[in-house]
Amino acid sequence: MTTKCPHEWLRPETELACLDDAEVVVRCEQDPAVSVSFGDRHAAVHPLDRRMFFVVRAQAPGLDARLESVTNFVTGRGLARFVDELDFRGWQGEQRWVNADRDLKVGAVYGARGHIALTWTLKPWRSVHGDWEVAVTTWLEAGAAKDDLAARLHDFLTADGFPVDYHESANEFH
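Presented here is a report on the structure given in the accompanying data block. The residue numbering used here restarts from 1 in each chain and proceeds along that chain's sequence as written. Local features in a predicted model are, by the rule used here, given only for residues with pLDDT of at least 70; side-chain atom pairs are given and counted only at 80 or more, and totals for whole chains, interfaces and linings are based on all residues. To get the side-chain values, all heavy atoms of the structure are used, and hydrogens and water are removed first.

## Topic: the pairing of strand S3 (residues 35-44)
Categorising residues by exposure relies on relative accessible area from a 1.4 Å probe, with only protein chains included: less than 20% of the type maximum marks a residue as buried, more than 50% marks it as exposed, and the intermediate range marks it as partly exposed. Strands here mean DSSP runs of E at least two residues long; helices mean DSSP runs of H or I at least four residues long; both are numbered from the N terminus. When you tally the buried positions in S3, you get 10 out of 10 residues, the bulk of the element. Strand pairing is defined by DSSP finding a minimum of two bridges between the two strands. Direction of pairing for strand S1 (residues 16-20) relative to S3: antiparallel, over a ladder of four bridges. Its bridge partner lying in S3, Cys18 is registered against His42. Note that strand S2 (residues 24-27) and S3 share four bridges and pair antiparallel.

Below, the structure is given as structure tokens:
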């Protein structure tokens, strides 16, 4: 059954319900024209299908890329945990996170003066528009700004109406 939502999404294999219009925007502290946003949350209607879908949008001067149907499973709070666990005191090299479908990747590098560079890579694996990939880097302060982003992502990924107990599932994956 094909379900069309007010956001104009079409997912023929899954009946979806729009959850709300919540949005998380990550703006680069060095260049506010560079951002990554998360929005348009949807949940699978079938009670045994415990997936959430959302849009990730990357913007920079001359760039506006939109990746629809990024999948998050009911127990998948990996992105919020990944950001939350980045050490404000720093680390060597790059830390990486990737979602289950491998269409959203995040690399984190600790930079000078207590700031973190987050490189967000969008690469759809099921696009009818061909193969494409885009990456933008946002910088944020490694303390309070990083903690605020982790909390906002946690709230976004644990939407009301999307059944999850973050604290119970967090122990499953450590």
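## Re the side chain of Asn99
Tracing the chain through its elements places Asn99 in the loop between strand S6 (94-98) and strand S7 (104-110). Overall, Asn99 belongs to the buried group, its relative accessible area being 5%. Under this definition, polar contacts are N or O atom pairs within 3.5 Å; protein pairs additionally need one hydrogen-donor-capable and one acceptor-capable atom, and for neighbouring residues in sequence, both atoms have to be side-chain atoms. In terms of polar contacts, Asn99 uses its side chain to reach the backbone amide nitrogen of Arg102, at 3.0 Å. Apart from residues no more than four positions distant in its own chain, Asn99 is found in contact with Val70, Thr71 and Leu104. Should any heavy atoms of two residues lie within 4.5 Å, those residues are considered in contact.

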